[in-house]
2 protein chains.
Amino acid sequence: MNIVLLSGGSGKRLWPLSNDIRSKQFIKIFKNEDGTYESMVQRVYKQIKKVDADATVTIATSKTQVSAIHNQLGDEVGISVEPCRRDTFPAIALATAYLVDVMGVNPEEPVVVCPVDPYVEDDYFEALKGLSDQAEKGEANLVLMGIEPTYPSEKYGYIIPASTDPVSAVRTFKEKPTEEVAKEYIKEGALWNGGVFAYKLKYVMERAHQLIDFTDYQDLFDKYDTLTKISFDYAVVEHEENIQVMRFRGQWKDLGTWNTLTEAMEENVIGKGVVNETCSDVHILNEMDVPVLAMGLHDVVISASPEGILVSDKEQSSYIKPFVDQFEQQIMFAEKSWGSYKVLDVEEESLTIKVTLNAGHSMNYHSHLHRDEVWVVLSGTGKTIVDGYEQAVKAGDVITMAAGCRHTVIADSELQLVEIQLGKDITVTDKQKFELEY
Amino acid sequence: MNIVLLSGGSGKRLWPLSNDIRSKQFIKIFKNEDGTYESMVQRVYKQIKKVDADATVTIATSKTQVSAIHNQLGDEVGISVEPCRRDTFPAIALATAYLVDVMGVNPEEPVVVCPVDPYVEDDYFEALKGLSDQAEKGEANLVLMGIEPTYPSEKYGYIIPASTDPVSAVRTFKEKPTEEVAKEYIKEGALWNGGVFAYKLKYVMERAHQLIDFTDYQDLFDKYDTLTKISFDYAVVEHEENIQVMRFRGQWKDLGTWNTLTEAMEENVIGKGVVNETCSDVHILNEMDVPVLAMGLHDVVISASPEGILVSDKEQSSYIKPFVDQFEQQIMFAEKSWGSYKVLDVEEESLTIKVTLNAGHSMNYHSHLHRDEVWVVLSGTGKTIVDGYEQAVKAGDVITMAAGCRHTVIADSELQLVEIQLGKDITVTDKQKFELEY
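Structure report, in brief. (Residues numbered from 1 in each chain as written. Chains lettered and ligands numbered in written order. Predicted model: local features only at pLDDT ≥ 70, side-chain atom pairs only at ≥ 80, totals over all residues. Heavy atoms only, no water.)

Let us look at the pairing of strand S24 (residues 372–379) of chain A. Residues and elements named next belong to chain A. Most of S24 is tucked away: six of the eight residues are buried. Bridge count for S24 against strand S29 (residues 415–422) is seven bridges, and the pairing is antiparallel. Bridged to valine 376 within S29 is valine 418. Alignment of S24 against strand S27 (residues 398–401), held across four bridges, turns out to be antiparallel. Of the residues in S27, the one forming a bridge with tryptophan 375 is isoleucine 399. (Buried < 20%, exposed > 50% of the residue type's maximum accessible area, 1.4 Å probe, protein only. Helix = DSSP H or I, 4+ residues; strand = E, 2+ residues; numbered from the N terminus. Pairing = 2+ DSSP bridges.)

Next comes the structure, spelled out in structure tokens:
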């Protein structure tokens, strides 16, 4: 089975754990049997591999997520990197071209496209396989998954099938309705549209060539920023006559809000925290080093990270986005391909961060125009290169770098250091990268 | 007027803003007209000086609070430092001896003793003056303030006066009652005992000499740790026949819990925070650099500091202490005589802190046996002395100090630095102090 996982945007609805560069799908909230935690993307990837060990998994995402994906899934997973955000049709066209032109998959093969963040059981992935098999038959150009509704939700679009058969032609699509209208739809036998579908690769390649002037994957990638923003629904689904829908009646949850996310948590507290005996239905997700104490609360989610602290009634938490949009904020924590960093202190003319480099990894060789830097190694071993000069480093070593000087650090074992940036104009954009000259 | 303010213990009931070394009376929560904030101790001190500009104010407290008091009140205020905690009788005896022996106050003069943290208006301090004048008359050995109750509280002891006159003999004292019993007391004309009283200095000096074998203030100070813990009520008040009570009917609140403290706040948010429109009676006190967002909550207090995060129903917040006791925690922030420090990062074999030195101040000249240290100056100017070697320092300068090496930093302007401690056994007790040798 070929599968494309769409790994979406910034996920402000799960602030402060998600932000512009770390999306909800990477938050580790699901407890494994060994006591460690895994993220949505790790859970989904594991589930796919369990159902089909040979599945070719490609994640369609933006550049900012590539490091987090490699850190969490390793290097085996395919990534179709969108140079910028252009909605789902260009993203799916690019991922399809990636499979054909880069991965060399036969255009006659089917592919299943689904979001990266459903909270589902293994039967869902069995259903994806069914979807793939159905697409392979070629009875229709597109085969959608129709999820049997458990309540008249206002959050989803609806698919009205022509029959109650397991696989049926689609009679019509309906936009997100009110609750009353949703009840009517459900009486008519409507199914939720969870944004999951399968097609033969050549089908989307053809549609893409009709709508976009490009030669191959690389050409599409190069002109990606010139493409029009348009959803796959508008560009393809709504114009397609030959569509089938396949029913799915297993568990399916969208973990897009704190309300639904906390429902999926096995424990009430992740991180340091105490919920006293007068609380009910209180969840704490705490990434800070200090404890959270909750007393006398009901139906409340508390989430603390280096970005901020949310305390919300669970129902209300769905309306978080406009409030988070008003916080103009520095990114306080980020995962990178080489490890991670955390902002420790912000002053007018200095910024102090802690950098953790994974064993065997290094930063880019780079310099800054407008700031000096000091590194103090906290733990681990490795070497620094400063203007071409190599030096072995260990805990307690201090390296000073004036503005303009080129520098990097290469970790032998996991290496932690405090980096102090000093200058009147400290910005993330003040960075020039170089090839190492040795 | 001579006044002794009793500045009490650790105040865990206002965690995470107060801790073992920073008590509630130093938290800046009252907004001034110019937009700055002042603490309970600053508010009370200002109120005293407004009513009696010549008042001699002495704060009886422990060593750990001396820096915070000087930082908030300046150097004019007298401080009677208790070498250790020995309850209120030894504390009041020591402060009384301090006034007589150190400050040279005539033992015939009266003194008023009251807690440092009442939330009151100016009429309260007028009443203290009345108390002082009444004590000076010498009609009784002790004159207590009796606060006219506004409800049948279970939190206070009660004084039953012999008459309803403004000044009356005391018929009897009652321990903290149940609400039902409190109602009975109030019918009998009982008054709250707020722990405020006045006496002539010589009276307590005599009682102290009867109960403790000492010569003068210095002797009492030196043997303070050998004294028995006993309250002023048990040691003095209960054995005294000749006591008067003076009524006070103005506003009087004890700000000992989050519930009462938030009632006294003029705004709902101190620090970075947003309370959305679906909240009611929500207060945020946030000392962190990142925002707190509250949604859909009612009657809740949220407090965040480098020590931790409290989210509590206001009523429930009175029962915080046992939960805080279970947090074994490093002090993450402290005010010192020379400035302040804040813990930025804790690792197994390193500790990173930010130190702010006030202009003209310096650390002790000191060394550590088991850790190396690195200073990186962030801002300001001054000089460092390392093993006797002086060096002018400014932003960006780095100073490394191996274990055993003696060091200090002296600030010309306000000076900020990051201190990185490195070693296998980092403790606050690993510190040897020295006289500067120049």
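To continue, consider the packing of aromatic side chains. Scanning all chains against the criterion turns up 30 aromatic pairs over all chains. Aromatic side chains Tyr98(A) and Tyr217(A) sit 5.7 Å apart centroid to centroid with 65° between the ring planes, which places their arrangement in the edge-to-face category. Linking Tyr98(A) in helix H3 (residues 88–102) with Tyr217(A) in helix H7 (residues 217–222), this pair joins segments that are 119 residues apart in sequence. The buried category is assigned to Tyr217(A), whose relative accessible area is 11%. Look at Tyr151(A) and Trp192(A): their rings are 5.4 Å apart centre to centre, the planes differ by 80°, and that puts the pair in the edge-to-face class. With Tyr151(A) in the loop between strand S8 (142–147) and strand S9 (157–161) and Trp192(A) in strand S11 (residues 191–200), this residue pair connects regions lying 41 residues apart in the sequence. Since its relative accessible area comes to 40%, Tyr151(A) is described here as partly exposed. Looking at Arg43(A), its charged tip hangs above the ring of Phe30(A), at a distance of 5.4 Å from the centre. The ring of Phe434(B) has Arg406(B) sitting right over it, with the charged end atom 3.6 Å from the ring centre. (Phe/Tyr/Trp six-rings, centres within 6.5 Å; stacked < 30°, edge-to-face > 60°. Lys NZ or Arg CZ within 6 Å of the ring centre and 35° of its normal.)

The next thing to look at is the nonpolar core. In this structure, Leu297(A), Ile302(A), Leu297(B) and Ile302(B) are the most contacted members of the largest nonpolar core, which totals 68 residues. Filtering out sequence-adjacent residues up to four positions away, Leu297(B) remains in contact with Val300(A), Val311(A), Ser312(A), Asp313(A), Thr278(B), Cys279(B), Ser280(B), Val282(B) and Ile302(B). (Core = buried A, V, L, I, M, F, W, Y, C linked by side-chain atoms within 4.5 Å. Contact = heavy atoms within 4.5 Å.)

Here the focus is the interface of chain A and chain B. Contact with chain A, which involves 51 residues of that partner, is made by 51 residues of chain B. Surface buried jointly by chain A and chain B totals about 4,100 Å² across both partners, of which 72% is contributed by carbon and sulfur atoms. Taken as a group, Leu293(A), Met295(A) and Ile309(A) account for 17% of the area that chain A buries against chain B, more than any other trio of residues on that side. A salt bridge links Glu347(B) to Lys354(A), with the shortest nitrogen-to-oxygen separation between them at 2.4 Å. Joining chain A to chain B, the criterion identifies 20 residue pairs in polar contact (both at pLDDT 80 or more). (Buried area = accessible area lost by both parts, 1.4 Å probe. Salt bridge = Lys/Arg side-chain N within 4 Å of Asp/Glu carboxyl O. Polar contact = N/O pair within 3.5 Å; in protein donor to acceptor, adjacent residues only side chain to side chain.)

Once that is clear, we can look at the pairing of strand S28 (residues 407–411) of chain B. Residues and elements named next belong to chain B. Counting buried positions over the five residues of S28 gives five, a clear majority of the element. Burial along S28 is two-sided: the residues His407, Val409 and Ala411 and Thr408 and Ile410 are all buried. As paired strands, strand S25 (residues 382–386) and S28 are joined by five bridges and run antiparallel to one another. In the strand pairing of S28, lysine 383 is matched with isoleucine 410.

Residues and elements named next belong to chain B. An order of S20-S21-S22-S29-S24-S27 is seen for the six strands of this open sheet, with the pairing classed as antiparallel. Lying at the two open borders of the sheet, with one neighbouring strand each, are strand S20 (333–336) and strand S27 (398–401). The mean angle between the axes of side-by-side strands here comes to 20°, regardless of whether they run parallel or antiparallel. Judged from the eight bridges that link them, strand S21 (residues 339–347) and strand S22 (residues 350–357) form a sheet pairing that is antiparallel. From the neighbouring strand, glutamate 347 faces S22, where its bridge partner is serine 350. Strand contacts of helix H2 (residues 66–73): S20 and S21, with the helix running at about 70° to S20, the strand carrying the most contacts. (Axes fitted to C-alpha atoms, helices over the stretch in contact; angles between N-to-C directions.)

All names here are of chain A. Position of glycine 339 relative to the elements: it lies in strand S21 (residues 339–347). Glycine 339 gets classed as buried once you look at its relative accessible area, which sits at 7%. Residues glycine 339 and serine 362, 23 residues apart in the sequence, show an inter-C-alpha distance of 8.6 Å.

A few words on a positive patch on the surface. A cluster of basic residues, Lys63(A), Lys336(A), Lys431(A) and Lys433(A), forms a positive patch at the surface. Mapped onto the elements, Lys63(A) comes out in the loop between strand S4 (56–62) and helix H2 (66–73). (Patch = residues over 30% accessible without salt bridge, like charges linked within 9 Å, V, L, I, M, F, W, Y side chains within 5 Å. Areas by Shrake-Rupley, 256 points an atom, 1.4 Å probe, with all protein chains shown as cover. Lys, Arg positive; Asp, Glu negative; His and termini not counted. Charge placed at Lys NZ, Arg CZ, Asp CG, Glu CD.)

With that settled, consider the sheet that holds strand S22 (residues 350–357) of chain A. Residue and element names in this part refer to chain A. Pairing within the open sheet is antiparallel, and its six strands lie in the order S20-S21-S22-S29-S24-S27. Each end of this open sheet is capped by a strand with a single partner; those strands are strand S20 (333–336) and S27. For this sheet, the mean angle separating the axes of adjacent strands, direction not counted, is 20°. In terms of strand pairing, S20 meets S21 through four bridges, oriented antiparallel.

Our next topic: H2(A). Residue and element names in this part refer to chain A. Within H2, six of the eight residues are buried, leaving the element largely enclosed by the surrounding structure. Listed in full, the buried residues belonging to H2 are Val66, Ser67, Ala68, Ile69, Gln72 and Leu73. On its buried side, H2 packs onto strand S2 (28–31), strand S3 (37–39), helix H1 (40–51), S4, strand S5 (78–82) and S20. Where H2 terminates, the next one or two residues include glycine 74, which has phi positive at roughly 85°.

Considering all chains together, one arrives at 46 salt bridges over all chains under this definition. One salt bridge connects Lys187(B) with Glu184(B), and the closest N-O pair in it is separated by 3.6 Å. Within this pair, Lys187(B) and its partner Glu184(B) are both found in helix H5 (residues 179–187), separated by three residues, close to a single helical turn. One continuous salt-bridge network, built from bridges that share partners, spans Lys12(A), Lys321(A) and Asp325(A).

Turning to the relation of the copies chain A and chain B, a few remarks are in order. When chain A is fitted onto chain B, the two copies agree to an RMSD of 0.1 Å after a turn of 179° and an axial shift of 0.1 Å. Here the symmetry operator amounts to a two-fold rotation axis. No C-alpha of chain A lies nearer the rotation axis than that of Leu344(A), which sits 2.9 Å from it. Most of the interface of chain A is mirrored in chain B: 100% of its interface residues are interface residues there too. (Least-squares fit on C-alpha atoms with pLDDT ≥ 70 in both.)

We now examine H1(A). For an α-helix, the turn length of 3.6 residues means that residues three or four places apart are oriented alike. Residues and elements named next belong to chain A. With 12 residues, H1 should cover 16 Å at 1.5 Å per step; its first-to-last C-alpha distance of 17 Å lies within 8% of that length. Of all the 12 residues making up H1, nine are buried; the element is thus mostly covered by neighbouring parts of the structure. Those residues of H1 not exposed but buried are Met40, Val41, Gln42, Arg43, Val44, Tyr45, Gln47, Ile48 and Val51. (Expected span 1.5 Å × (residues − 1).)

Turning our attention to the state of the cysteines. The final tally for this structure, using the stated rule, is zero disulfides over all chains. Its sulfur unpaired, Cys279(A) is 16 Å from the next cysteine sulfur, which belongs to Cys279(B). (Disulfide = S-S within 2.5 Å.)

Our next topic: the packing of H1(A) against helix H4 (residues 122–137) of chain A. Helix packing for two helices is described by the angle between their axes and how far apart those axes are. Residues and elements named next belong to chain A. At a closest axis distance of 9 Å, the pairing of H1 and H4 adopts a crossing angle of 60°. As summarised for this structure, H1 and H4 are arranged oblique, according to the angle between their axes. The element H1 and its partner H4 pack so that their crossing is right-handed. Residues Val44, Gln47, Ile48, Lys50 and Val51 of H1 form the contact with H4, whose participating residues are Asp122, Phe125, Glu126 and Lys129. Across the contact of H1 with H4, the residue classes break down as four nonpolar, one polar and four charged. (Parallel < 35°, antiparallel > 145°, perpendicular 65-115°, else oblique. Left-handed = near helix turned anticlockwise from the far one by under 90°. Nonpolar A, V, L, I, M, F, W, Y, C, P; charged D, E, K, R; others polar.)

Here Trp15(A) and Pro16(A) are connected by a cis peptide whose omega angle stands at 5°. Mapped onto the elements of the fold, Pro16(A) is located in the loop between strand S1 (2–6) and S2. Here Asp87(B), not a glycine, exhibits a phi torsion of approximately 70°, which is positive. For Asp87(B), the location among the structural elements is in the loop between strand S5 (78–82) and helix H3 (88–102). Of the residues examined, Asp87(B) reaches a relative accessible area of 40% and is grouped as partly exposed. Located in the positive-phi region is Asp387(B), a residue other than glycine, with phi close to 50°. Relative to the assigned elements, Asp387(B) resides in the loop between S25 and strand S26 (389–393).

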